[in-house]
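# Structural overview
So you can see what is in the structure, the chains are spelled out below.
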Amino acid sequence: MESAERPETRLARRLRALRHQHWPGLRITQQQVAEALGGGAPLSLSLISSWESTHKPVVPPVHRLAQYALFFASRRTVESKPARLLDEHALTEEERVMREGLHTELLSLRSFDDAPDEAGAYGSRQVTLAGPGDDTIGGGTWFFPDQRPIIIVGGSLPKRFRERMPYTDVKDPDYVRSFSLADLDALIELHGHIRAVNPAAEVRILKSEEMGEDDFTSHLVLIGGVDFNSVNRDVTQRLDLPIRQQMRPSDSDSGFFSAADGTTFEPVLDQGNGSLIEDVAYFFRGKSPYNARRTVTLCNGQYGRGTYGAVRALTDARFRDRNEEFVRNRFSGAQAFSILMRVRINPNGAAVTPDWTQAENRLHEWPADGEA
């Protein structure tokens with residue numbers, strides 16, 4: 001039955017069909033694909049064959065599917081020898097529509113979340129950890145294979161803070177909506193990365209109080225802690241989390257995270273001037289309590305730089321690959337995972353991206369060894 005065909009086989013079959021049937025009367029060779037995708041150094045023909053093999057298919061990295069879509073967006077790709085990919089800015093409007101359509105289709109075929117697992121159960125692959133062989137900017141924890149809407153939910157600065165800032169009054173001609181959002185550094189960093197990794201998905205930033213009923217059933221990325229983000233508070237009440245962030249009784253209180261066994265984790269402040277030396281931050285990925293076919297991700301610190309560090313762990317070009325590899329090796333097969341981490345502050349006041357491969361940076365991990 002066609003419906004029983006493995007999803008990776010469907011992708012392989014589609015890639016082969018693109019070569020043979022996409023342009024009537026023009027049959028593209030694997031050599032041409034290898035030349036165009038490889039640029040100055042053509043890819044091996046055996047690699048192209050492995051992506052098209054219906055017997056034992058190899059799933060291409062995300063960025064290769066983007067190249068396939070660009071390749072077949074225009075016949076001009078193969079008008080030169082060797083074949084070459086066009087610059088995206090050189091595409092006509094018709095070619096751009098073709099590229100976007102193909103890209104969306106290929107990404108959806110690469111998504112295996114609606115396919116049955118080995119036991120025949122659906123939905124068991126909803127929580128997507130980084131996959132082996134994913135490219136540096138594509139794939140990984142921040143790639144959502146189904147390319148469904150992704151909403152980054154930020155907290156709102158309380159009125160007592162907004163009153164100290166310019167341009168936060170809607171009546172002001174120079175009103176800036178973003179100035180009312182907490183954790184702006186983390187929001188800006190993450191929005192750009194998620195957009196780059198998920199070009200076919202709708203990605204929005206909303207304040208927690210702006211969420212509509214349909215928004216809750218999207219992939220949710222919650223930025224900031226329970227003090228300013230009401231959606232974070234609601235999610236943490238609905239999930240059985242191994243780590244919980246406690247609300248601060250006052251602005252001057254640093255607050256803390258607590259584990260189920262009662263262990264607490266607090267930021268480190270300079271006793272002399274009160275400056276932040278080391279923050280504590282939390283990263284959690286699991287199934288959304290609002291929609292089992294979508295994910296929820298928490299990135300929150302006790303302070304803003306902790307939240308920023310939790311985000312940077314998987315976006316910083318210097319650390320994201322090694323941290324993704326740690327996630328793959330440490331939490332392979334887990335339906336959800338979390339890391340409580342140190343985020344050190346350098347002498348200039350900037351957050352240092354946590355290296356998860358260093359044990360001293362990890363304060364708590366879940367599932368524990370052997371539980372995944």
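Keep in mind that what you see is a predicted model, and the values were worked out from it rather than measured. (Residues numbered from 1 in each chain as written. Predicted model: local features only at pLDDT ≥ 70, side-chain atom pairs only at ≥ 80, totals over all residues. Heavy atoms only, no water.)

### Brief notes about the overall build of the chain
Counting its secondary structure elements, the chain contains ten helices and eleven strands. Overall, the chain is about 75 × 55 × 40 Å in size when its C-alpha atoms are taken along their principal axes. For the chain, with 372 residues in total, the buried portion stands at 50%. In the chain, of all internal contacts separated by at least 6 residues, the share reaching a separation of at least 24 is 65%. By element, 48% of the accessible surface of the chain is carried by carbon and sulfur atoms, the whole surface being about 17900 Å². (Helix = DSSP H or I, 4+ residues; strand = E, 2+ residues; numbered from the N terminus. Buried < 20%, exposed > 50% of the residue type's maximum accessible area, 1.4 Å probe, protein only. Contact = heavy atoms within 4.5 Å. Areas by Shrake-Rupley, 256 points an atom, 1.4 Å probe, with all protein chains shown as cover.)

### Considerations on helix α4 (residues 62-71)
Within α4, eight of the ten residues are buried, which leaves it mostly tucked inside the rest of the structure. In this structure, the buried residues of α4 make contact with α1 (7-21), α2 (30-38), α3 (45-52), α5 (93-110) and α7 (184-197).

### Concerning the sheet that holds strand β4 (residues 243-246)
Judged by pairing direction, the sheet is antiparallel, and its three strands sit side by side in the order β4-β5-β6 without closing on themselves. Every other strand in the sheet has two partners, leaving β4 and β6 (264-265) as the edge strands with one partner each. As judged from the four bridges shared by β4 and strand β5 (residues 256-259), these two strands associate in the antiparallel manner. Bridge pairing in β5 links arginine 244 to serine 258. (Pairing = 2+ DSSP bridges.)

### Quick word on the nonpolar core
Core analysis: the biggest nonpolar cluster contains 32 residues, and Trp142, Ile194, Val221, Ile223, Phe283, Met341 and Trp356 have the highest contact counts within it. For this core, the secondary structure elements donating two or more residues are β1 (150-154), α7, β3 (219-223), β8 (276-287), α9 (304-312), α10 (320-331) and β10 (337-344). Look past the residues within four positions of isoleucine 223 in its chain and what remains in contact with it is Ile152, Val153, Gly154, Gly155, Asp183, Ala186, Leu187, Leu190, Asn229, Cys299, Thr307 and Val311. (Core = buried A, V, L, I, M, F, W, Y, C linked by side-chain atoms within 4.5 Å.)

### Topic: the packing of aromatic side chains
Within this structure, the stated rule accounts for 13 aromatic pairs. With a centroid separation of 5.4 Å and 40° between ring planes, the pair formed by tryptophan 23 and phenylalanine 72 is classed as tilted. Here phenylalanine 72 lies in the loop between α4 and α5 and tryptophan 23 lies in the loop between α1 and α2, a separation of 49 residues in the sequence. Overall, the relative accessible area of 9% leaves tryptophan 23 in the buried class. Here the aromatic residues Trp142, Phe283, Phe326, Phe331, Phe337 and Trp356 are joined through ring pairs into a cluster of three or more. (Phe/Tyr/Trp six-rings, centres within 6.5 Å; stacked < 30°, edge-to-face > 60°.)

### Here we look at the pattern of salt bridges
Going through the model one piece at a time under the given rule, you end up with 19 salt bridges. Across the pair glutamate 8 and arginine 6 runs a salt bridge, and its minimum N-O distance is 2.8 Å. Looking at glutamate 8, the relative accessible area reads 13%, which means it is buried. On the accessibility criterion, arginine 6 (44% relative accessible area) is partly exposed. Put simply, glutamate 189 and arginine 312 hold a salt bridge, and the shortest N to O gap is 3.2 Å. Taken together, the residues glutamate 189 in helix α7 and arginine 312 in helix α9 connect sequence positions 123 residues apart. Across the pair, exposure class does not vary: glutamate 189 and arginine 312 are buried alike. One network of salt bridges, with partners in common, ties together Glu189, Arg312, Asp316 and Arg318. (Salt bridge = Lys/Arg side-chain N within 4 Å of Asp/Glu carboxyl O.)

### Side note on the side chain of threonine 297
Relative to the helices and strands, threonine 297 is located in strand β9 (residues 295-301). Overall, threonine 297 belongs to the buried group, its relative accessible area being 0%. With residues up to four places along the chain from it excluded, the contact list for threonine 297 reads Trp142, Leu220, Val221, Leu222, Phe283, Phe284 and Arg285.

### Notes on the packing of α1 against α5
Two elements in contact, α1 and α5, have axes separated by 8 Å at closest approach and are oriented at 150°. By the criterion of interaxial angle, the relationship of α1 to α5 is roughly antiparallel. Counted together, Pro7, Arg10, Leu11, Arg14, Leu15 and Leu18 of α1 and Leu102, Glu105, Leu106, Leu109 and Arg110 of α5 form the full contact between these two elements. Its residues assigned to classes, the contact of α1 with α5 comprises seven nonpolar, no polar and four charged. (Axes fitted to C-alpha atoms, helices over the stretch in contact; angles between N-to-C directions. Parallel < 35°, antiparallel > 145°, perpendicular 65-115°, else oblique. Nonpolar A, V, L, I, M, F, W, Y, C, P; charged D, E, K, R; others polar.)

### Here's the deal with α9
Among all positions of α9, only Gly306, Thr307, Gly309, Ala310, Val311 and Arg312 are buried. Taken together, the buried residues of α9 touch α7, β3, β8, β9 and β10.

### Observations regarding the confidence of the model for the chain
In the predicted model, the chain carries a mean pLDDT of 86, and the fraction of residues at 70 or more is 90%. Taking the mean pLDDT of every element in the chain, the minimum, 81, falls on helix α6 (residues 159-162) and the maximum, 97, on β10. Here residues 113-136 is modelled with pLDDT under 50, and outside its nearest four sequence neighbours on either side it reaches 57 contacts, counting other chains as well. (pLDDT = per-residue confidence, 0-100.)

### Some thoughts on the pairing of β5
With two bridges connecting them, β5 and β6 associate as antiparallel partners. Across the sheet, residue phenylalanine 257 finds its bridge partner in β6, namely phenylalanine 265. Here β5 folds back onto β6 in antiparallel fashion, the turn holding four residues, of which glycine 262 has a positive phi close to 95°.

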